[in-house]
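# Structural overview
Single-letter residue listing:
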Number of protein chains: 2
Amino acid sequence: MERNQECKLVKEWIVEVGNYIRTHIHESFEVAEKENRQDIVTEMDKKVQNLLLEKIRTTFPEDKVLAEENGLSEIEEMSGRLWIIDPIDGTLNFYFQRENFAIMVALFEDGIGQLGFIYDVMNEQIYWGGKNIGVYRNDERLMSPKNTALSNGLLGINAFMYAENIEHTRDIADKSMGVRVYGSAAIEFIHLLHGRIIAYLSNLAPWDWAAGSVLAEELGLEFSALNGGELSFDTRSYYIVGTKELMKEVRETYMKC
Amino acid sequence: MERNQECKLVKEWIVEVGNYIRTHIHESFEVAEKENRQDIVTEMDKKVQNLLLEKIRTTFPEDKVLAEENGLSEIEEMSGRLWIIDPIDGTLNFYFQRENFAIMVALFEDGIGQLGFIYDVMNEQIYWGGKNIGVYRNDERLMSPKNTALSNGLLGINAFMYAENIEHTRDIADKSMGVRVYGSAAIEFIHLLHGRIIAYLSNLAPWDWAAGSVLAEELGLEFSALNGGELSFDTRSYYIVGTKELMKEVRETYMKC
């Protein structure tokens, strides 16, 4: 299947599943706690993941899948084609706000990000694109955000990392114009693609950063582990994505300490 | 003038001024720093305040005004009718995001909040109402949010207060389901009125909390200084607003320490 056909198909799947969520958003959901009280999973997370999985497995039976729920959260090696799925990113927002959450899907090939999709379900906006094909919001092509310096923009941030100054998060934030906490990596990535924040620092699993990183990179932003090292597909990582100018300052000033 | 006429008039003024902002939002603005690097004022803040001031002074020449910009930020005493104006709440969002800011206006009489108006300019939604008249989003009456306990909801919070645990802010947040930082008191109040967050804790000037507090109180929420004391109209205060259940727990557990 050609890349643009593949892209079109996956967008259709995601929007279809998003429509399903919107139709059922005002029902009550069973909730289970995962690792801690604030880490919850709803029936809807599992339902959405299964809907997407079924479509991928039917159309691309050879491909591997890494996904947040139902025991698909580990991958042995990165060779070949790998789909990475976050069925509902921002589950607490989904549950308590009924907005500010998104579906995220990425395609990696031999460990290299190729396609990314973020669907802001309640606003019916799909951000999509990837390596050498640009980034779009629905049908509109996005321009690269300005290459803003750390001292002249707002940062998206994980509140706990900020408070504890994990990997210099607080030091970095204090040089910026201020921090925002939206409660969903997907929503932070959307703000980043528009230049409303110029970096995002958090503690993320691969399905949290995969799609957004592909899109951010295509718009000229850079990402890495917050200590400068490689990101892991096996576990959570302290993660940063931001403008080139900001990443240069962070690398030079904070990643060496 | 009758209360409902007064309400209608002020809404018209605010929406008219909001339309002016939207028309000029993509121009570049001169920016001046106030008390610190992150405390900025744009030409637009001053322009909006002057437009509202002119209307108030023409129609209600006897009334007093307390407002953020242009030397109107102090008031000698609270007797009589007092308009409290925040021309653009969330100035950093206005400047860097071109969204997530609002116009806020309140009317107090003898120190008691009577009317509140919050205009989410980019989404063209005006939240308005007051004592004994209910709270509305445009023409739709809002129901009171659920009386949710601290442990079962999200909090809006000032990131610095959270990190420094000022007046137990961090202790309180750690008992909740998580924190959000939207960068504008007005936007936090809007989320609060809808029940998307169940409390908001920040360091606020009177024009930051006046309108939102009137609306929150009318929907059954409670507010006070974070140490349990009186709020000041002369200076910034550590401020909390939240559900009755949450405020009860905060009063019993944290305000006595």
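Each chain carries its own residue numbering, running from 1 in the direction its sequence is written. To label them, take the chains in the order written and letter them from A, then take the ligands in the order written and number them from 1. The model is predicted, so local features are restricted to residues of pLDDT at least 70 and side-chain atom pairs to those at 80 or more, both for listing and for counting; the totals for chains, interfaces and linings are taken over all residues. Water and hydrogen atoms were dropped before computing side-chain values, which therefore reflect all heavy atoms in the structure.

Residues and elements named next belong to chain A. Mapped onto the present numbering, the UniProt feature "binding site: Mg(2+)" (unreviewed entry) falls on Glu68, Asp86, Ile88, Asp89 and Asp208. In summary, the annotated positions, though distributed over 141 residues, converge in three dimensions, the widest C-alpha pair being only 9.9 Å. The helix count covers DSSP runs of H or I at least four residues long, the strand count covers runs of E at least two residues long, and both are numbered beginning at the N terminus. Its place among the elements puts Asp86 in strand β4 (residues 81-89). Working rule for contacts: check all heavy atoms of both residues, and any pair within 4.5 Å makes them a contact. Residue contacts for Asp86: discarding those within four places in its chain leaves Glu68, Ala102, Ile103, Met104, Trp207 and Asp208. Structurally, Ile88 can be placed in strand β4. For the exposure calls, accessible area comes from a 1.4 Å probe over protein chains only, and a residue counts as buried if that area is under 20% of its type's maximum, exposed if over 50%, partly exposed in between. The exposure class of Ile88 is buried, given its relative accessible area of 1%. When sequence neighbours within four positions are dropped, the list of residues in contact with Ile88 reads Ile21, Met44, Asp45, Val48, Phe94, Phe101 and Ala102. UniProt positions are given in the numbering used here, feature names are shortened, and annotations may be inferred rather than shown by experiment.

Residues and elements named next belong to chain A. Domain annotation for chain A reports domain 1 (3-141) and domain 2 (150-253). With both sides pooled, the region where domain 1 packs onto domain 2 buries about 2,200 Å², and carbon together with sulfur makes up 71% of that total. Among the residues domain 1 hides against domain 2, the three largest losses belong to Ile118, Tyr127 and Val135. Together they make up 23% of the total. A pair is scored as a salt bridge if a Lys or Arg side-chain nitrogen falls within 4 Å of a carboxyl oxygen belonging to Asp or Glu. At the junction of domain 1 and domain 2, the tally comes to zero salt bridges. Any N or O atom pair separated by 3.5 Å or less is treated as a polar contact, with the protein-specific requirement of one donor-capable and one acceptor-capable atom, and with residues adjacent in sequence counted only for side-chain atom pairs. If you look at where domain 1 meets domain 2, you find eight residue pairs in polar contact (both at pLDDT 80 or more). Sorting the residues of the side of domain 1 that touches domain 2 by element identifies β3 (64-67), β4, β5 (102-109), β6 (112-120), β7 (125-130) and β8 (134-137) as the ones contributing at least two each. Domain extents, as shown, originate in an automatic or database domain assignment. The term buried area means the drop in 1.4 Å probe accessible area that two parts suffer when joined, counted for both and summed.

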